[in-house]
Structure formats: structure tokens, C-alpha cells
Amino acid sequence: MCTDDESVGGGGEPTPAELRDLQTRADALARDVAMMRERLKTQSGLPRGVREALPGAVDESLAEAAQRIGGAAERLARVRAAQGPGSCTVWWGICPRCGPTLLAEDGRSWCRECGTGWGYDRSEGPCGEPASFLAMDAEGGTVVVCSAHGRHLHERLDGGLLLAIPTV
């Protein structure tokens, strides 16, 4: 739970841990609403409008919100991990073996050529594969890329350079 100094509106980027904490609280609220709805339904002395004041859609919506918050925490954690030193910095996914051949659906992705699959949508967010090249375009802009992105960019760097990064 957030302290006054770490309040939700405190500014700065939220952490995956903060999002997971929020997910836990949303899940608990969804369960509490469902229990309260059941308790209200059994109170025969109350008017029907009161007994049915909490439709199932309320706790279902809260449970869905909790699930989405958890997904955001997972994606944020993956982005932060992929931005570590020595990682490919390209912001679109690629099959390490085949190149830009990814398909994605329902939060999962796979390569349409080799069939390799990932349990997350690899097509969105930073690549994160180990960096092996420095790509420089004709205007001098640079980006650190993995082998697969390097192969893909090599064919498209009109007037640019692709330099291998020495390994230790």
C-alpha cells in the first residue's frame, strides 16, 4: 500500500510493484463487492431494488480492471528489463531467427515462419535481445541493435553503417 509520500498521484513513473499492489487491491474489492451482493440478495426484508442494487457486472468489471492492471505491471516490468545495458533498443519486436515475421493475438506472439512462440506480445515494446551492432543512419543517428534487427536494418541503411559491437 502506498504511503503519503508514495501516493498514486505522487508523480513519476509507477513501478511494476505499485501496479501489482493496485491489482491486489482491485481483486480484493471485486471479491468484497461480490460478497456484499450475495448478502444483500438474501435479505428478504429489504425492497427488491435494494437487494438487487449491486448487479454482477460491478464485481466483474472490477475483476477485469484488476486483470488489466496486472497486465500493465507485466508489460512495464518487461519494458524495464529490456532497457538494461547491453540490450537491443529497437521498439518493435522481431523473431531472433527469422526477422520481422511476428504475428500477435490475445497478448501472445509467434513467428509465422519458424513457429517459435512467446507468452506475451513481443511485437510491442522494446526488443531486449542482447545487442550486437551499432547502426548509424546517413544523418549520424545511432541505435544499438540485436543480430536480428541488425540483419533487417542492414538491407535498409541507405548511406548508413552497421558496426559490430566487440564482445568481451
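Criteria and thresholds
Residues numbered from 1 in each chain as written. Predicted model: local features only at pLDDT ≥ 70, side-chain atom pairs only at ≥ 80, totals over all residues. Heavy atoms only, no water. Salt bridge = Lys/Arg side-chain N within 4 Å of Asp/Glu carboxyl O. Helix = DSSP H or I, 4+ residues; strand = E, 2+ residues; numbered from the N terminus. Buried < 20%, exposed > 50% of the residue type's maximum accessible area, 1.4 Å probe, protein only. Contact = heavy atoms within 4.5 Å. Core = buried A, V, L, I, M, F, W, Y, C linked by side-chain atoms within 4.5 Å. Pairing = 2+ DSSP bridges.

Novice: Can you tell me about the pattern of salt bridges, naming the residues and giving the values?
Specialist: Side chains that carry opposite charge are capable of pairing whenever their charged atoms lie near each other. Taken as a whole and judged by the stated rule, the model has 9 salt bridges. Taking the shortest distance from any N to any O, the salt bridge between E64 and R68 comes out at 3.2 Å. Of the two residues, E64 and R68 both sit in helix α3 (residues 56-82), 4 residues apart, roughly one turn of that helix. Members of the salt-bridge network, linked through shared partners, are R37, E38, K41 and D59.

Novice: Let's hear about the environment of L54: which residues, and what values?
Specialist: If you trace the backbone, L54 turns up in the loop between α2 (48-51) and α3. You can call L54 partly exposed: its relative accessible area is 25%. For L54 and L162, which are 108 residues apart along the polypeptide, the C-alpha to C-alpha distance reads 61 Å. Look past the residues within four positions of L54 in its chain and what remains in contact with it is V33, M36, R37 and L40.

Novice: Hey, could you go over the nonpolar core for me, with residue numbers and the actual values?
Specialist: Counting residues in each nonpolar core, the largest one holds 9 residues, listed as C88, V90, I94, C127, A135, V145, C146, A148 and L153. Excluding residues within four positions of it along the chain, A135 makes contact with G141, T142, V143, L153, L157, L161 and L162. Membership of the second largest hydrophobic core comes to 6 residues, among which are A66, I69, A73 and L76.

Novice: Kindly report on the side chain of T101, identifying the contributing residues and their values.
Specialist: Along the chain, the position of T101 falls in the loop between α3 and β1 (102-105). What T101 contacts, discounting residues up to four positions off in sequence, is C95, W110, C111, R112 and E113.

Novice: Could you give me a rundown of the sheet that holds β1, with the residues and numbers involved?
Specialist: Reading across the sheet, the 3 strands line up as β1-β2-β3 and stay open at both edges, with antiparallel pairing between neighbours. The open sheet has two edge strands, β1 and β3 (117-118), and neither has a second partner. Where strand β2 (residues 108-111) and β3 come together, 2 bridges link them in antiparallel fashion. Among the inter-strand pairings, S109 is bridged to a residue of β3, identified as W118.

Nothing here speaks to function; it is all geometry.
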